[in-house]
Amino acid sequence: MPDAIALSWRQYRLERRMFWRNPSAAFFNFMLPLLILAGAGAALSGNQHQLNRLVPMIAGMSVMSTTFTALAYNVVFLRERGVLKRIRGTPLPTISYFAGVAANAVTNTALQIVIIDLAGKLLFGIGWPAHVDCLIVFVLVGVVCFAALGVAFAHAIPNFESTAAYVNAVFLPVVAVSFYAFDSSSAPGFVRTIADALPLKPLIQGLSAALVGGKGLGAHLDELAVLALWGVFGCHLAVRGFSWEQRRT
Amino acid sequence: MIEPVSGDPAIEVRDLRKRYGEFEAVRGIDITVARGEVFALLGPNGAGKTTTVEILEGYRARSDGEVSVLGEDPAKRSLRLRRRIGIVLQSGGIYSYVTPREALRHWASFYPHARDVDEVLDLAGLREAADVRSRRLSGGQLRRLDFALAIVGDPELMFLDEPTTGFDPQARRAAWDTVRSLRELGKTILLTTHYLEEAQTLADRVAIVKDGRVLAIGPPRELGVGAAHYRISYRNSAGELVERDTDDPTALLHELTAEALARGERLEELSVGRPTLEDVYLELTAADA
């Protein structure tokens, strides 16, 4: 259906345009991870081993914030404002709408990975990505997984005012547990078990192998499987519970 | 009196029902809207107007009954049908960071025979605001954008759900002009409103709806006339207002005045009038009716 593809492309272009016009979106997507990277990097200055761990952690967190956080916010905002309902009443094919939105999330994530990797290289002396294939696969599966989970999570958020509370109640603990388990070999067993079962730490491990070196994609299929399973789960929930309009009170 | 346009009707609804759990919001509505007609669903809040319209728009599934919109079942949500209808929602938002011109261009790309964007901006009175991001538009301008987005695809049939709720009188008149110009373009329009004046001014035919049922249906003037063509009112000797409906005011007046004269009384505040749509509406929608 060439029409649906053309409309996906149009939707994508509109999403890009809106993204750059929204200063807070641009800030949270690009500046915040860089600031955290710069701050933590300065604190760890000189410790190359730690810096090599820091960059993939920030990269993983960025994937989660540009997809999970951004989409949960956007879906709730557009739903509560009635934009989704309006779109639903037009002949724009649903698949084209979501293709445009998803392609926008992929673009943001890809840009961010490039920025973080460049900053890591220029400021903290990490090398060029060791396994580009591993990088591409993990970023793509990571985007699909966290984007789907973000859309699915939006169903649980009752109104726009409470979005920040809901999103942070998930985002911050997941980041904390995953960072701790990834970075510290002395983390308690149950923390490691939890972190391994959640999607963020597997993503960080894949990104770590891809960005700073280690074994290639073949050695990280377990992590990829966890991420993919969350992706399937997220897609299922995202599609099943999707609501085009505000709940009636 | 407006004769319905011949040919297939634009909308046909038979015994439409919609239940939300235990609550039945629509309880057997029958309406037929001819092509080119402006049809109003008039009723108080909670009458089931929006539920009915949203079933016709394809947003909601019906519980029972038959519905045909431009010959199709709207519940199937076909792209073909959505290309032929335009929807003005009661409260539909728009992206904050796009301008009316950009939004209209984007929307126009969804439709096979979209109207010219500049022409639509003019028609909706948005020329001045065409390049202002929507988060900076006023409430009235946003409502005009609602109209513009609904007509940019050049639809045959338009749904306007409470198009002027919350408007000041001036903005309301401007919106009415827009509806009239759409009518002149030959569009079929189904609108809901709880303003009598709006139904009376715009609609060829009105259905008065309450508690999910149609109480009366017809052209506004005929509805006002209703079964009784004339209404005679006066104050009796106890000072109470008496209203008598009749088809033959001459005879009734003769009878009343003869009786009054015989008693040596005057009929205070005697008047002969035709019941207005407002009278009919208030009678039909009164809580104890």
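Residues numbered from 1 in each chain as written. Chains lettered and ligands numbered in written order. Predicted model: local features only at pLDDT ≥ 70, side-chain atom pairs only at ≥ 80, totals over all residues.

Focus on the overall build of chain B
From N to C terminus, chain B includes 10 helices and 12 strands. Taking the principal axes of the C-alpha coordinates as reference, chain B spans close to 80 × 45 × 40 Å. Within chain B, the fraction of its 289 residues that count as buried is 38%. For chain B, long-range pairs separated by at least 24 residues make up 67% of all intrachain contacts whose partners lie at least 6 apart in sequence. (Helix = DSSP H or I, 4+ residues; strand = E, 2+ residues; numbered from the N terminus. Buried ≥ 20, exposed ≤ 12 C-beta atoms within 10 Å, placed from the backbone. Contact = placed C-beta atoms within 7 Å.)

Structural notes on the sheet that holds strand β1 (residues 11-20) of chain B
Residues and elements named next belong to chain B. Judged by pairing direction, the sheet is antiparallel, and its 3 strands sit side by side in the order β2-β1-β4 without closing on themselves. Two strands bound the open sheet, and with one partner strand each, they are β2 (23-33) and β4 (64-69). Sheet twist, expressed as the mean angle between neighbouring strand axes with direction ignored, is 25°. Here β1 runs beside β2; their pairing, made up of 8 bridges, is antiparallel. Its bridge partner being in β2, Tyr20 is matched across the sheet by Phe23. In the packing of helix α1 (residues 49-57) onto the sheet, contacts are made with β1, β2 and β4, and the angle to β1 comes to roughly 115°. (Pairing = 2+ DSSP bridges. Axes fitted to C-alpha atoms, helices over the stretch in contact; angles between N-to-C directions.)

Focus: the sheet that holds strand β12 (residues 268-273) of chain B
Residues and elements named next belong to chain B. A sheet is described by the order of its strands in space; here 3 strands give the open sequence β11-β10-β12, paired in antiparallel fashion. At either end of the open sheet lies a strand with only one pairing partner, and these are β11 (241-246) and β12. Each neighbouring strand pair of the sheet contributes to a mean axis angle of 10°, computed without reference to strand direction. Both strand β10 (residues 230-235) and β11 contribute to a ladder of 6 bridges, which runs antiparallel. Pairing of Arg231 across the sheet is with Asp245, part of β11. Strands in contact with helix α9 (residues 249-263) are β10, β11 and β12; relative to β10, the strand with the most contacts, it is inclined by about 15°.

Observations regarding the nonpolar core
Ala40, Leu42, Leu104, Val120, Ala148, Phe159 and Leu190 of chain B are the most contacted members of the largest nonpolar core, which has 67 residues in total. In terms of residue count, helix α5 (residues 139-151) of chain B provides more of this core than any other element does, 6 residues in total. Excluding its chain neighbours within four sequence positions, the residues that come into contact with Phe159 of chain B are Val53, Leu56, Glu57, Ile85, Ile87, Val88 and Leu190 of chain B. Ala70, Ala72, Phe124 and Ala195 of chain A belong to the second-largest nonpolar core, a separate cluster that totals 61 residues. (Core = buried A, V, L, I, M, F, W, Y, C linked by C-beta atoms within 7 Å.)

Observations concerning the confidence of the model for chain A
Looking at chain A, the pLDDT average stands at 90 and 98% of residues meet or exceed 70. Within chain A, helix α4 (residues 83-88) of chain A carries the highest mean pLDDT (95), whereas helix α2 (residues 23-43) of chain A carries the lowest (83). (pLDDT = per-residue confidence, 0-100.)

Section: unusual backbone geometry
Residue and element names in this part refer to chain B. For Glu162, which is not a glycine, the phi torsion comes out positive at approximately 50°. Locating Glu162 in the fold gives a position in the loop between β6 (157-161) and α6 (169-184). In this model, Asp211 sits at a positive phi of 50°, which is unusual for a non-glycine residue. Looking at the element boundaries, Asp211 is found in the loop between β8 (205-210) and β9 (213-218).

Structural notes on the interface of chain A and chain B
If you look at the interface, chain A gives 17 residues, while chain B gives 19 residues. Of all the elements in the fold, those that place two or more residues in the side of chain A that touches chain B are α1 (2-21) and α4 of chain A. Ranked by residues supplied to the side of chain A that touches chain B, first place goes to α1 of chain A with 5 residues. Residue composition of the side of chain A that touches chain B, by class: 7 nonpolar, 4 polar and 6 charged. (Nonpolar A, V, L, I, M, F, W, Y, C, P; charged D, E, K, R; others polar.)

Structural notes on the domain arrangement of chain B
Accessible area lost during the coming together of the parts is what is often quoted as the interface size. Here chain B is described as being made up of domain 1 (11-224) and domain 2 (230-273). One C-alpha centre belongs to domain 1 of chain B, the other to domain 2 of chain B, and the line joining them spans 44 Å. (Domains from an automatic or database assignment.)

What to know about the pairing of β8 of chain B
All names here are of chain B. Burial analysis of β8 places 6 of its 6 residues in the buried class, the great majority of the element. Of the two faces of β8, the one carrying Arg205, Ala207 and Val209 and the one carrying Val206, Ile208 and Lys210 are both buried. Two elements, strand β3 (residues 38-42) and β8, share 4 bridges in a ladder whose sense is parallel. Following the sheet pairing, Leu42 is matched in β8 by Ile208. Relative to β9, β8 is paired through 5 bridges, and the arrangement is antiparallel. If you follow Val206 over to β9, its bridge partner there is Gly218.

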